[in-house]
Amino acid sequence: MLNNMKKYKKEMIFGSILAVQLMALLFYNLTKLRYQADFDSSSGMLQLAEIGRQKTFLIKDWGYQTTLGWDIPLVIAVLFYAVTKNVFLSMGIANNIIIIGYVLVFIDILKRCGVKKINIMVSLILLFTPYTLGQLGYVPMLFTGTASYSIKLLITFLLIDLMIRIENNISMRKNGWILALYLLFSLLSGISSGIYMLISGIFPVILYVFLRMLSKNNLRVLFSMQMLVPVLGTIAFVIGVILSRLMGIQNAAVSMRLLSAEKMADNFLKCFVGIFELFGGLKDDAPVVISLRGISCLVCLTVSVFLIFVIIYYVAGILKRREKRGLVGIVLCVVFVNLGVLLLADTTYSSSTFEYRYHIVGMVPAILLTGVFCNDLIFSSIGAYFKRFIISVLIFSV
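The structure presented is a predicted model; accordingly, all values stated were derived computationally and were not measured. (Residues numbered from 1 in each chain as written. Predicted model: local features only at pLDDT ≥ 70, side-chain atom pairs only at ≥ 80, totals over all residues. Heavy atoms only, no water.)

**Re the overall build of the protein**
At step 1: In terms of regular secondary structure, the protein is built from 18 helices and 0 strands.
At step 2: Scored against the burial criterion, the 398 residues of the protein give a buried share of 51%.
At step 3: Counted over contacts in the protein with a minimum sequence separation of 6, partners at least 24 positions apart contribute 74%.
At step 4: With an accessible surface of roughly 19,200 Å², the protein has 68% of that area assigned to carbon and sulfur atoms. (Helix = DSSP H or I, 4+ residues; strand = E, 2+ residues; numbered from the N terminus. Buried < 20%, exposed > 50% of the residue type's maximum accessible area, 1.4 Å probe, protein only. Contact = heavy atoms within 4.5 Å. Areas by Shrake-Rupley, 256 points an atom, 1.4 Å probe, with all protein chains shown as cover.)

**A few points about a nonpolar patch on the surface**
At step 1: Side chains of Leu58, Val231, Ile235, Val238, Ile239, Ile242, Leu243, Leu246 and Met247 sit close together on the surface and give an oily, nonpolar patch of about 760 Å² of accessible area.
At step 2: Following the sequence through the fold, Leu58 ends up in the loop between α3 (39-54) and α4 (74-84). (Patch = residues over 30% accessible without salt bridge, like charges linked within 9 Å, V, L, I, M, F, W, Y side chains within 5 Å. Salt bridge = Lys/Arg side-chain N within 4 Å of Asp/Glu carboxyl O.)

**Focus on the pattern of salt bridges**
At step 1: Enumeration over the complete set of coordinates arrives at 8 salt bridges.
At step 2: For Asp108, the salt bridge goes to Arg165, with nearest N and O atoms at 2.9 Å. Remark: Arg165 occurs in helix α8 (residues 150-167) and Asp108 occurs in helix α5 (residues 87-112); sequence separation between them is 57 residues. Neither Asp108 nor Arg165 differs from the other in exposure class; each is buried.
At step 3: Between Asp161 and Arg165 there is a salt bridge, with the nearest N and O atoms lying 3.8 Å from each other. Residue Asp161 and its partner Arg165 are located together in helix α8, separated by 4 residues, close to a single helical turn.
At step 4: Asp161 gets classed as buried once you look at its relative accessible area, which sits at 2%.

**Focus on the nonpolar core**
At step 1: Grouped together as the largest cluster of nonpolar side chains are 113 residues, with contacts concentrated most on Tyr102, Leu127, Phe128, Tyr138 and Phe157.
At step 2: The leading source of residues in this core is α8, at 12 residues.
At step 3: Those residues in contact with Tyr102, other than ones at most four positions away along the chain, are Leu127, Phe128, Leu142, Phe143, Tyr149, Ser150, Leu153, Leu154 and Phe157. (Core = buried A, V, L, I, M, F, W, Y, C linked by side-chain atoms within 4.5 Å.)

So, in structure tokens, the structure goes:
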């Protein structure tokens, strides 16, 4: 037994870290949501109560903000509110279901790509690390409150999972429930948020298939299942957008503008600063270096640099034609399409630097590549040393 414990020591350490993270999030969602009193969460809770009271999703006398709110956990929370009559508990249960969904999808994607268990844990720990809080922070946008980006981003992860399963020759019958959720969430997001996730989450995958066709010099790729799945998602989005127009619903995606020439250079720099802000590597103020907050900021900065390094590493691999894995290609397309959108569109709004929550859609999928990268380090001569460094950073970040 002692030998087994030594053999699986790293797995036990990472498993314990991941378990603590998940338990903290699950517990918070079930017991502490009433104390998360930011504007987005408060309006979402009130919207849930009104849906329950009026017995309809299209509630009367309600001023919708940027979206209809149908592509957030609220749509799941309605089912539990009908039973519990408690908005906080219902939203918490819905958030926890989404969190469990992220765990399952992450494991499925990475496992099917041959990533070892310990490296899957690395990716999951990075996913659930609370980099930034506050109304527009990483955690509230994905896992707590009304988690505005949780279902939106899940559309991309479900699509990636479907693409990897197709690549592994798994029949569509076995992919049925994933396909159903992917199309349902795409439809709801089309109604609620317009074409935002169509451009940011599905178009990059279509671009990947097109580039794959060019690299293979084979037109048949365009008529494969890997093209059909994102096309089906596109159709679901278009139907959703049409339905939203018929219902007279407007959303923020319609009013988004391109940047003027004078703002372009400034936005270019701020866009990259926003990546570090999202992951807690940079703050609005200047924390003291030798303090808990300062050290935390430095660790998060290291995580941000590591994530960007992994992206650059695999871009170099593709340019040198030594990297041909589907997951790497898809994720990089997601990253760079989203960067392109954010570099060209005016998304600063009230932020003094950058509305960094918009980086969630492009940068969080890149966390998948950290597991692949750690797996690749096993075959590298410097892998053992680099891996020890990653372990140290992960422990400090938690």
